[in-house]
Amino acid sequence: MPDLLEKLQNRENELAFIIAGDAAKLSEKPLFHYSSSGGKLSMPCALCFYDEKINLFYQWTISLEGKNCICWGHSSSTNLIDWTPEPLALVPDNSSDESGCLCGSVLEFNGKTLIAYTGISIQKDLCVQQQCIAIGNGYKFEKLTENPVVTSRNIPFIYDKTKFCNPKMVEINGIFYMTCTVSKTDKTGSIVIFSSSNLKNWTFCDSIEEKKISSAKIWELPSAFRLNETDILMFSYYNPKENKQKGLSKGFCSVYTKKSFDPQLLDFYTENESDPDSDISIIDSGIDFYAPTVTELPDGRHIMMAMLQNGPEPYTPENYLWSGTMTIPREIRIKNGKLYQMPVKELNELRINRVCGEIAPKEKTEIEILDGRHFELKAELSLSENETGSMSLYLCKNKTGDKYVEICYDAKKGTLFFDRSRTDFPGKISKKEIPVSPMPDGTISFLCIIDTTSIEIFINEGEMSFSNTFYADLHSNGVSVRSSMKVPIIFNYYHLGEPVNL
């Protein structure tokens, strides 16, 4: 009898084969965003570079024989645009992870690829979470027989055993450190830190109350790294109430703060410890951005990818195969103390059929484009001091004009607005408005990347980003621009990818 890994691998291959022969289904798939071969891609686990390739590991759920199996999927790319499926990295096939292999991290060490992940096992009717290790060559992995290597026995205080996850592992001077998030019994959160010299025996070092880093009670997927000589800590969490001052809407969000981890003190530190939220900034202001992961490439670029969805639960129609699409890979950098992000330069290789021009003041324009669902559009304008007009981009327009997606910049209000309420599947959150300011010279720019079911907008050369998804009839692909501005709008348009005829 084939083992579980073989069965699940066969199931993944079967899905890919079925989809490859179904032109109608393939037309629904994002063209240049990463998406899995069906199933539910629910969280990125790690993005890393080895074997001359970028490797993406992700939490993937697939149904087999009436049971949902939570696995680790794996794909690789040489250009950050085209992805090749690799063998499944982890499947729930032993007592330490019988109910699922959840998120974790990947570490290259001494020619080996190490995975730290959360395994779920059933104990007294509870889905208990504990930490496990697997070691491999980057493509095939063997789990330690000692798994789980970190359990409740390693933590000297009481916590919710069903919420102990997100192991991030690093190696410093021959010692491995693992940080995890836990939920305490009083519903507050904490980070716990362990150390080991052999990956098998782990010692509790310390815990960090999350209020020292953020006032959010429980957060997940913390990731610390150095970017342009600045130490960055990223994490995602549920924001129970809106904070307009910080640009945080109610709901799931991902943020960053400039903090360092000191292995001697076993603590995160910052210059302003008196106010834990003083330097917390949102990474992406859109509805659909969650759980970013970052890696550094040999050329020095730092690349970030995240989920194009609102939190851990995807916003997708029930019959849509590609649940949990990833964002376009983004180059990130620190400029003037802020995180800037832009699509990777490799995306330019997809550009064809350039159209450039000017939209006159107070003019409605139907842009003649090859395909209304796969393109790049950049709009630039210089605002006058008394500008009170607006400009709108309409996507997915049907022939009668009553179905569409709207993106509107209102100069008087100083806001950018996204609205998918006039589609067949608006979701629980269908609109969002964010404040947007021009650059010091009075100019403002919007780079819009549209791909089948999503739009990612990069504002003022990457100072802000605004990512949202939409699900509309693929035959509704009309695009138009309307402006009531007193100044002209300079635009550049490119089709992205091979010509598509719908």
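Before reading further, recall that the structure is shown in the block above.
As the structure is a prediction and not an experimental result, all values here were calculated from the model. (Residues numbered from 1 in each chain as written. Predicted model: local features only at pLDDT ≥ 70, side-chain atom pairs only at ≥ 80, totals over all residues. Heavy atoms only, no water.)

**Looking at the overall build of the protein**
Next, step 1: Assigned secondary structure in the protein consists of two helices and 34 strands.
Next, step 2: The long-range share in the protein, meaning contacts at least 24 apart out of those at least 6 apart in sequence, stands at 57%. (Helix = DSSP H or I, 4+ residues; strand = E, 2+ residues; numbered from the N terminus. Contact = heavy atoms within 4.5 Å.)

**A word on the nonpolar core**
Next, step 1: Counting residues in each nonpolar core, the largest one holds 37 residues, and the members touching the most others are Leu395, Tyr409, Leu416, Phe446 and Ile455.
Next, step 2: Mapped by element, the contributors of at least two residues to this core are strand E25 (374-382), strand E26 (390-397), strand E27 (405-410), strand E28 (415-419), strand E30 (443-451), strand E31 (454-459), strand E33 (478-483) and strand E34 (489-496). (Core = buried A, V, L, I, M, F, W, Y, C linked by side-chain atoms within 4.5 Å. Buried < 20%, exposed > 50% of the residue type's maximum accessible area, 1.4 Å probe, protein only.)

**Side note on empty space enclosed by the protein**
Next, step 1: Per the stated rule, a full pass over the model turns up three cavities of 30 Å³ or more.
Next, step 2: Counted as a void, the largest cavity has a volume near 190 Å³.
Next, step 3: Lining the largest cavity are 16 residues, and of these Ala379, Met391, Leu393, Phe446 and Cys448 sit closest to its centre.
Next, step 4: At the level of elements, E25, E26, E27, E30 and E34 are the ones that each hand at least two residues to the lining of the largest cavity.
Next, step 5: For the lining of the largest cavity, a count of residues per class yields 15 nonpolar, one polar and no charged. (1 Å grid on protein atoms, 1.4 Å probe; cavity = no way out; pocket = protein on both sides within 12 Å on 5 of 7 lines; lining within 4 Å. Points joined across faces, edges and corners; volume = space filled by probe spheres on them. Nonpolar A, V, L, I, M, F, W, Y, C, P; charged D, E, K, R; others polar.)

**A look at the pattern of salt bridges**
Next, step 1: Under the criterion given, the structure shown has 22 salt bridges.
Next, step 2: Here Glu65 and Lys7 are joined by a salt bridge, their closest N and O atoms 3.6 Å apart. Placement of Glu65 in the loop between strand E2 (53-64) and strand E3 (67-77) and of Lys7 in helix H1 (residues 4-20) is noted, with a sequence separation of 58 residues between them.
Next, step 3: Accessibility expressed as a relative area gives 23% for Lys7, which makes it partly exposed.
Next, step 4: One salt bridge connects Glu86 with Lys53, and the closest N-O pair in it is separated by 3.5 Å. In this pair, Glu86 is assigned in the loop between strand E4 (84-85) and strand E5 (101-109) and Lys53 in strand E2, connecting sequence segments 33 residues apart.
Next, step 5: Of the residues examined, Glu86 reaches a relative accessible area of 12% and is grouped as buried. (Salt bridge = Lys/Arg side-chain N within 4 Å of Asp/Glu carboxyl O.)

**Some points on the sheet that holds E30**
Next, step 1: Taken together, six strands build an open sheet; the order of strands is E23-E34-E25-E30-E31-E32 and the sheet is antiparallel. Looking at the sheet topology across the chains shown, the edges are occupied by strand E23 (351-359) and strand E32 (464-469). Across the sheet, the mean angle separating the axes of adjacent strands is 15° when strand polarity is ignored.
Next, step 2: The sheet contact formed by E25 and E30 spans nine bridges and is antiparallel. Looking at E30, one finds that His374 is bridged to Asp451. (Pairing = 2+ DSSP bridges. Axes fitted to C-alpha atoms, helices over the stretch in contact; angles between N-to-C directions.)

**Concerning the packing of aromatic side chains**
Next, step 1: In the structure shown here, the tally under the stated rule is 18 aromatic pairs.
Next, step 2: Each ring, one from Phe157 and one from Phe204, has its centre 6.5 Å from the other, and the planes form 80°; the classification is edge-to-face. Of this pair, Phe157 sits in the loop between strand E8 (141-143) and strand E9 (159-172) while Phe204 sits in strand E12 (residues 203-209), and the two are 47 residues apart along the sequence.
Next, step 3: Here Phe157 falls in the partly exposed class, since its relative accessible area comes to 23%. (Phe/Tyr/Trp six-rings, centres within 6.5 Å; stacked < 30°, edge-to-face > 60°.)

**Some details on the side chain of Ser476**
Next, step 1: Looking at where Ser476 falls in the secondary structure, it is placed in the loop between E32 and E33.
Next, step 2: Once residues within four sequence positions are removed from consideration, Ser476 is found in contact with Arg373, Cys396, Lys397 and Asn398.

**A few points about the sheet that holds E3**
Next, step 1: What the four strands build is an open sheet, ordered E1-E2-E3-E4; its pairing is antiparallel. Among the strands making up the open sheet, the edge pair consists of strand E1 (40-50) and E4.
Next, step 2: Direction of pairing for E3 relative to E4: antiparallel, over a ladder of two bridges. The partner of Ser75 across the bridge, within E4, is Pro85.
Next, step 3: Packed on one face of the sheet, H1 meets E2 and E3 and runs near 95° to E2.

**Regarding the side chain of Ser392**
Next, step 1: On the secondary structure map, Ser392 appears in strand E26.
Next, step 2: Of the polar contacts made by the side chain of Ser392, one reaches the side chain of Glu406; its length is 3.0 Å.
Next, step 3: Residues within four places of Ser392 in sequence aside, it is in contact with Glu406, Ile407, Cys408, Ser480, Val481 and Arg482. (Polar contact = N/O pair within 3.5 Å; in protein donor to acceptor, adjacent residues only side chain to side chain.)

**With respect to the state of the cysteines**
Next, step 1: Following the criterion strictly, the structure yields zero disulfides and no others.
Next, step 2: You can see Cys165 has no disulfide; the closest cysteine sulfur is in Cys180, sitting 8.1 Å from it. (Disulfide = S-S within 2.5 Å.)

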